[in-house]
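Now for the letters of each chain:
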Amino acid sequence: MPVPENIQAALLPKVLKFSTTLPQNSKLRMLIVYNNNSATSKDDLIRGLGSAMEVKAVQSGELAANITKYDLVYFMPGVDDMASLCKIHKILSVSGISQYVEDGQISIAFGLQNNKPKIFINLTSLAKEGQSLSSEILRIAKVYN
């Protein structure tokens with residue numbers, strides 16, 4: 001992933017404060033979907049988040065059984081094919097691969113622009129997931145329709 005997991009972990013809770021649909025007065029619940037190739041990155045992300053969120057990690061085959069209990073789903077590299085479940089269940093999708101946002105599979109991702117971390121947001125995907133973000137975050141993000 002272009003942006004290290006510890007930086008993503010520091011940025012994610014700040015970005016989610018700009019959500020107009022996620023609960024802001026309680027600890028958010030995030031599901032991390034990974035495969036064998038991304039297990040180490042998943043562990044680094046969880047460690048970086050500390051107690052900022054309630055986190056559970058599952059293999060991609062377990063996503064459907066768990067998704068409705070969470071506010072957002074973070075997709076590790078290689079498991080983005082499951083992201084359509086977020087649109088069905090109206091759950092926010094997040095990743096560390098900006099290409100997933102450009103392709104419309106994921107709503108929010110972290111990537112690099114001019115060698116600096118950048119937030120990528122896909123408004124169409126966001127709407128399909130029943131989510132919205134305040135205009136302040138959209139001004140500093142790279143936005144796709």
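In case you missed it, the structure is sitting above this.
Please read all numbers here as calculations on a predicted model, not as lab measurements.

Cut-offs and rules
- Note that residues are indexed from 1 along each chain, following the sequence as it is written.
- Under the rules for a predicted model, residues below a pLDDT of 70 receive no local features and side-chain atom pairs below 80 are neither given nor counted, while totals for whole chains, interfaces and linings still include all residues.
- Note that the side-chain values use all heavy atoms of the structure and ignore hydrogens as well as water.
- Helix and strand definitions follow DSSP, with helices as H or I runs of at least four residues and strands as E runs of at least two, each counted in order from the N terminus.
- Values of the radius of gyration come from C-alpha atoms, whereas the globule rule sets the reference at 2.2 Å times the count of residues to the power 0.38.
- Between buried and exposed lies partly exposed: a residue is buried under 20% and exposed over 50% of the maximum accessible area for its type, with that area taken using a 1.4 Å probe on protein chains only.
- It only takes one pair of heavy atoms within 4.5 Å for two residues to be counted as in contact.
- In short, Shrake-Rupley with a 1.4 Å probe defines the accessible areas, and a residue's cover is counted only from the protein chains shown.
- Neither His nor the chain ends contribute to the count of charged residues, in which Lys and Arg are positive and Asp and Glu negative.
- Where a charge lies is defined by one atom per residue type, namely NZ (Lys), CZ (Arg), CG (Asp) and CD (Glu).
- A strand pair is defined by DSSP finding two or more bridges across the two strands.
- For helices, the fitted line uses only the C-alpha atoms of the stretch in contact; every axis is such a line through C-alpha atoms, and the angle between N-to-C directions lies from 0 to 180 degrees.
- Any two of the Phe, Tyr and Trp rings considered here, Trp counted by its six-membered ring, make a pair once their centres fall within 6.5 Å; the pair's planes then place it as stacked at under 30 degrees, edge-to-face at over 60, or tilted in between.
- Charges are assigned to positions over rings by a cutoff of 6 Å between ring centre and Lys NZ or Arg CZ, combined with an angular limit of 35 degrees from the ring normal.

### With respect to the overall build of the protein
Here is step 1 of the chain: Helix and strand content of the protein: 7 helices and 7 strands.
Here is step 2 of the chain: Tracing the protein from N to C terminus, the helices and strands come up as α-β-α-β-α-β-α-β-α-β-β-α-α-β.
Here is step 3 of the chain: For 145 residues, the compact-globule estimate of 2.2 N^0.38 gives 15 Å, and the protein sits close to it at 14 Å.
Here is step 4 of the chain: Its C-alpha atoms give the protein principal-axis dimensions of about 35 × 30 × 30 Å.
Here is step 5 of the chain: Relative to its full complement of 145 residues, the protein shows a buried share of 46%.
Here is step 6 of the chain: For the protein, the share of sequence-separated contacts (at least 6 apart) that also reach a separation of at least 24 residues comes to 50%.
Here is step 7 of the chain: Accessible surface computed for the protein: about 6900 Å², of which carbon and sulfur atoms make up 49%.
Here is step 8 of the chain: With 15 positive and 12 negative side-chain charges, the protein shows a separation of 6 Å between the mean positions of the two kinds.

### Looking at the sheet that holds strand β7 (residues 142-144)
Here is step 1 of the chain: The 7 strands lie next to each other as β2-β1-β3-β4-β5-β6-β7, forming an open sheet whose pairing is mixed. Looking at which strands have only one partner, the edges of the open sheet turn out to be β2 (54-59) and β7. Neighbour-to-neighbour, the strand axes of this sheet turn through a mean angle of 30°, independent of strand direction.
Here is step 2 of the chain: In the packing of helix α1 (residues 5-16) onto the sheet, contacts are made with β1 (29-34), β3 (72-75), β4 (92-95), β5 (108-113) and β6 (116-122), and the angle to β5 comes to roughly 125°.

### Focus on unusual backbone geometry
Here is step 1 of the chain: The residue K90 is not glycine, and still its phi comes out positive at about 60°.
Here is step 2 of the chain: Note that K90 resides in the loop between α4 (84-89) and β4.
Here is step 3 of the chain: You will see that N115, though not glycine, has its phi angle at about 60°, which is positive.
Here is step 4 of the chain: By the secondary structure assignment, N115 is in the loop between β5 and β6.

### Section: the packing of aromatic side chains
Here is step 1 of the chain: As enumerated under the stated definition, the model contains 1 aromatic pair in all.
Here is step 2 of the chain: It is K42 that lies over the ring of Y34; its NZ or CZ is 4.4 Å from the centre.

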